[in-house]
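Secondary and tertiary structure notes
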Amino acid sequence: ESVAWWFSLSTVNSTGEAPKALSVAEVLCVMRNIYALTFILVASMGLGVTEKDLDKATQIKVLVGSMLFGISSLPRICLASVRQAVDPKEHVVILSNLPVVIVGLFHFIWIL
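Every chain is numbered on its own, with residues counted from 1 as its sequence reads. The model is predicted, so local features are restricted to residues of pLDDT at least 70 and side-chain atom pairs to those at 80 or more, both for listing and for counting; the totals for chains, interfaces and linings are taken over all residues. Note that water and hydrogens are dropped before the side-chain values are worked out from all heavy atoms of the structure.

A closer look at helix α1 (residues 2–15)
Heads up, the condition is: Comment: elements are numbered from the N terminus, with helices defined as DSSP H or I runs of at least four residues and strands as E runs of at least two. Residue count minus one, scaled by 1.5 Å, sets the expected span of a helix. A simple rule labels every residue: compare its accessible area, found with a 1.4 Å probe on the protein chains alone, to the largest value its type can have, and call it buried under 20%, exposed over 50%, or partly exposed in between. The arc under discussion is defined with respect to the helix axis, by the directions toward the C-beta atoms. Residue contacts are counted whenever heavy atoms from the two residues lie within 4.5 Å of one another.
Spanning 14 residues, α1 covers 20 Å between terminal C-alpha atoms, matching the ideal 20 Å at 1.5 Å per step. Three or more residues of α1 are buried, namely Ala4, Trp5, Ser8 and Thr11. Here the buried residues of α1 occupy an arc of 135° about the axis, which is enough to place them on one side. Those residues of α1 that are exposed and aimed more than 90 degrees away from the buried face are Ser2, Val3, Trp6, Asn13 and Ser14. Buried residues in α1 make contact with α2 (21–44) and α3 (56–81). Looking one or two residues beyond α1, the residue adopting positive phi is Gly16, at roughly 85°.

This is the structure we're talking about:
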């Protein structure tokens, strides 16, 4: 992910145009967030520590929760990648982060 961000941002700095690598960097950023959340959810349910395997219903819940988190983080990632060019107002930034906060709170309550 960091190499993709470096390449795309150095291209933006030299040419002034956003390359396709910027989209790759955004996708990798979302995938990193999903992986981290899935790891935390699965570890909090005891996989590998107290449980050998999770039951099918729990696996589906983790999959759905992780996908919801990934989908809700897309506006935040996309706005963050163009924030210098667009200069969004404060309420737009808050609204783009609100879905991630709501899904994150849901996951936090679910883990407890």
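Still more ground to cover, so stick around.
Some details on the environment of Ala21
Mapped onto the fold, Ala21 is located in helix α2. With a relative accessible area of 17%, Ala21 lands in the buried category. Separated by 13 residues in the primary sequence, Ala21 and Ser8 place their C-alpha atoms 5.3 Å from one another. Setting aside residues up to four positions removed in sequence, Ala21 forms contacts with Ala4, Phe7 and Ser8.

Section: the packing of aromatic side chains
The line we're drawing: Between the rings of Phe, Tyr and Trp (Trp by its six-membered ring), a pair exists once the centres lie within 6.5 Å; its type follows the angle of the planes, with under 30 degrees stacked, over 60 edge-to-face, and the other angles tilted.
All chains considered together, the criterion is met by one aromatic pair. Seen in terms of ring centroids, Phe106 and Trp110 are 6.4 Å apart; in terms of plane orientation they differ by 25°. Their pairing is stacked. Highlighted residues: Phe106 and Trp110, both in helix α5 (residues 90–111), separated by four residues, approximately one helical turn.

Some thoughts on the pattern of salt bridges
The line we're drawing: Whenever Lys or Arg places a side-chain nitrogen within 4 Å of a carboxyl oxygen from Asp or Glu, that contact is recorded as a salt bridge.
A complete count under the given rule lists one salt bridge for this structure. For the salt bridge of Arg32 with Glu1, the shortest nitrogen-to-oxygen distance reads 2.5 Å. In this pair, Arg32 sits in helix α2 while Glu1 sits in the segment before α1, placing the two residues 31 residues apart along the sequence.

Comments concerning the state of the cysteines
The cut-off we apply is this: Cysteine sulfurs are considered disulfide-paired once they come within 2.5 Å of each other.
What the rule picks out here adds up to zero disulfides. The structure places no disulfide on Cys29, whose sulfur is separated from the nearest cysteine sulfur, that of Cys78, by 9.9 Å. Judged by relative accessible area, Cys78 falls into the partly exposed class, the value being 38%.

Considerations on the layout of surface pockets
Using the following cut-off: Points on a 1 Å grid, built from protein atoms alone, make a cavity when a 1.4 Å probe fits but cannot get out and make a pocket when they are open with protein on both sides within 12 Å along at least 5 of 7 lines; residues with an atom within 4 Å of a point are the lining residues. Grid points are joined across faces, edges and corners, and a volume is the space filled by probe spheres set on the points. Note that Gly is not counted as nonpolar here; it falls among the polar residues with everything else outside the nonpolar set of Ala, Val, Leu, Ile, Met, Phe, Trp, Tyr, Cys and Pro and the charged set of Asp, Glu, Lys and Arg.
Size it by volume and the largest pocket reaches roughly 360 Å³. What lines the largest pocket is a set of 16 residues, and nearest its centre among them are Leu9, Ala80, Ser81, Val82 and Gln84. The set of elements that each furnish at least two residues to the lining of the largest pocket consists of α1, α2, α3 and α4 (83–86). For the lining of the largest pocket, the per-class residue count stands at ten nonpolar, three polar and three charged.

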